[in-house]
Amino acid sequence: MDWEKHPTPAEPVAAERPPEGCLVAAIRIPVRIVVLVLVVPIRLTWDAVAAGGRAVWRRCLVPLARGTGQLLRAVFVVPWVWLWARVLAPAARGVGAALTWLGGALFVRPWVALWRRVLVPVGRGVALALAWTGRALFVRPWVALWRHALAPVGRGVRAVALWVWWKGAVASVAWWYLRVMTPAGHGIAWLSRGVWAGLAFVGRGIARLASVVRGGVVAVGRGAGWLSRAVGAGLASVGRGIAHLASSVWAGLTAAGRGLRVGGVWLLRALFVVPWVWLYARVLLPLGGGIAWLARGIAAAVRALGAGLAALLRALVVPAVWLYAHALSPLGRGIALLARGAATAVIWLAKALFVWPWVWLHTRVLAPVGRATAFLFKLVGAYLALAGRALAAGLAWLGRGVWSGLAWLARGVWAGVAWFGRGVRTVVVTLVRWIFVVPAVALWRWVLVPVGRAVVVLVRETGEALGHAWRVAGHVSRAVGRFLGRLLRWIFVDPVRWAYRNVCTPLGHLVRDSVWRPAAQAVKDAGRTARQALAAARESVRQARADVRRALFGAKRAEPEHLVRDRREPGPPQARTLGSSTTALTKD
């Protein structure tokens, strides 16, 4: 634990004001007195107006607004809510149900029946017919052509090609190798002179082989031509059958299209023309007349309601106009007059502090100084121009001299110009300092700073005086209000309260105990006696009616007891009471 004592942080000390002189104290007290005298009536008036406004708002405007809201609700909202809940909503629901049923009967059910009973079966039949036709036209002919023509021809062509290959090329090569090359090779060894004869023999064999191959190829071409002529004749017959079938199908589709067009026109007229004509003539036209009649009635009711509201508004607006004309308008004029006076005083003070000193400074100081400065600058400019002209003449005269003399003269002229420039600068700086800087510093130090301090002190004291006077006026207003409230309480509230407690309450209790309660008891006894008499008379009438019925029709026969009792589970035992017993000795 930390047992050492830490120094408490020092509270921040407000910055002390600089010492104030006797002028501040001399200004503060009169200003506060004047401001207090001016502010107290304004504060009292403000508090009275605020209290009155709060009272009017709480006791008049809020209840009036609530009553107006309830009245407008009872006049505008409740009838329309009742009309909507009791008339328009049921009618709209009925019309919606009728339109739903009518729309279903006109637009849904016929199309559903048409789709289910006509279009779906027709579509299925057309799909089956088109599928069968497509298979008969495009699948089966090509399958039969492949199976019965192209496949056997291909197999035959393959067999011929293999036979030609094996029997022509391979056998010839084998025979050539066995019968020609081998003997030729053996013969070359021992018979080189017979090479030319062997080659001639080989040429004759190749010619014979070529003739044999040409004969086979010519035979294959003749077979292929015959096959192509047969296939062309078959395809021509198939095309003629397809054309005949297409013409038959087109004739059937044309007849079906004519029938569908006639039926569709009749169906569209029955679905879209006749119901709408009947709906317009039998439903919409009478309904529009009823709605127009209802709208005229509602317009008459609204006009009557508008006249009543106008009368009510006139009854409410006339007091408000009188209040504005005889109370608020004079009060506003007085406040405006006071504000104009205060604004005039503030404007005069602002002019005296910020406008007139600057105007005097401009008229009496700055304008003469400016005119003198301009004259001085003009004089210096004239002398400079004269010196320039003289210098130009001298330079022109000296230009006709020698170069050395010109250089010497130039150096002398430059020295003279420099000296003259330094002198002019010194003169101009001195003039500007004594014409602008020194008067401005003197004006700031001896005029503006004291006036600014005085204005700051005056504004600060005026603000503090206004705040102090407003607070003091608040205390005064609260004291005056409490005094007036207590005075009104002594004059009006306490006597009424004393009369209510000491006079009205005992008198009311006496009237309640001696008049109202005995009278109420007597009324209750009389009512009870009348109810008993009525009950006895009702019982007598009921008994007489039963006796007459018994005398005329006889007594009602008792119903025979059922021999077979209901087979059901035994009920729970009854509860014990004071008048019953459960022991065997006391049981009936």
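This one's a predicted model, so the numbers in the text were calculated from it and none came from an experiment.

**A short note on the overall build of the chain**
Then, in step 1: Counting secondary structure elements, the chain contains three helices and zero strands.
Then, in step 2: Secondary structure of the chain in N-to-C order comes out as α-α-α.
Then, in step 3: When burial is assessed residue by residue, the chain has 7% of its 588 residues classed as buried.
Then, in step 4: For the chain, the proportion of contacts with a sequence separation of at least 24, taken over those separated by at least 6, is 74%.
Then, in step 5: Accessible surface, the chain: about 49,000 Å² in total, of which carbon and sulfur atoms supply 72%.

**Description of a nonpolar patch on the surface**
Then, in step 1: On the surface, a nonpolar cluster with roughly 940 Å² of combined accessible area is contributed by Val476, Val480, Phe483, Leu484, Leu487, Leu488, Trp490, Ile491, Phe492 and Val493.
Then, in step 2: Along the chain, the position of Phe492 falls in helix 3 (residues 403–553).

**Some remarks on the nonpolar core**
Then, in step 1: Val31, Val35, Val39, Val40, Ala465, Ala469 and Ala473 form the largest nonpolar core, which has seven residues in total.
Then, in step 2: Of the residues forming this core, the biggest block, four residues, is contributed by helix 1 (residues 22–190).
Then, in step 3: When sequence neighbours within four positions are dropped, the list of residues in contact with Val35 reads Ala465, Leu466 and Ala469.

**What about the pattern of salt bridges?**
Then, in step 1: Inspection of the entire model under this criterion finds eight salt bridges.
Then, in step 2: Salt-bridge contacts for Asp47 lead to Arg43; the nearest nitrogen and oxygen are separated by 3.2 Å. Linking Asp47 with Arg43, this pair stays in helix 1, spanning four residues, or about one helical turn.
Then, in step 3: Where Arg528 meets Asp525, a salt bridge forms, and the shortest distance between an N and an O atom there is 2.9 Å. Here Arg528 pairs with Asp525, and both are found in helix 3, just three residues apart, close to one helical turn.
Then, in step 4: Residue Arg528 is classed as partly exposed on the basis of its relative accessible area of 39%.
Then, in step 5: Exposure remark for Asp525: the relative accessible area of 32% places this residue in the partly exposed category.

Cut-offs used in this document
Residues numbered from 1 in each chain as written. Predicted model: local features only at pLDDT ≥ 70, side-chain atom pairs only at ≥ 80, totals over all residues. Heavy atoms only, no water. Helix = DSSP H or I, 4+ residues; strand = E, 2+ residues; numbered from the N terminus. Buried < 20%, exposed > 50% of the residue type's maximum accessible area, 1.4 Å probe, protein only. Contact = heavy atoms within 4.5 Å. Areas by Shrake-Rupley, 256 points an atom, 1.4 Å probe, with all protein chains shown as cover. Patch = residues over 30% accessible without salt bridge, like charges linked within 9 Å, V, L, I, M, F, W, Y side chains within 5 Å. Salt bridge = Lys/Arg side-chain N within 4 Å of Asp/Glu carboxyl O. Core = buried A, V, L, I, M, F, W, Y, C linked by side-chain atoms within 4.5 Å.

Shape descriptors only; they carry no functional weight alone.
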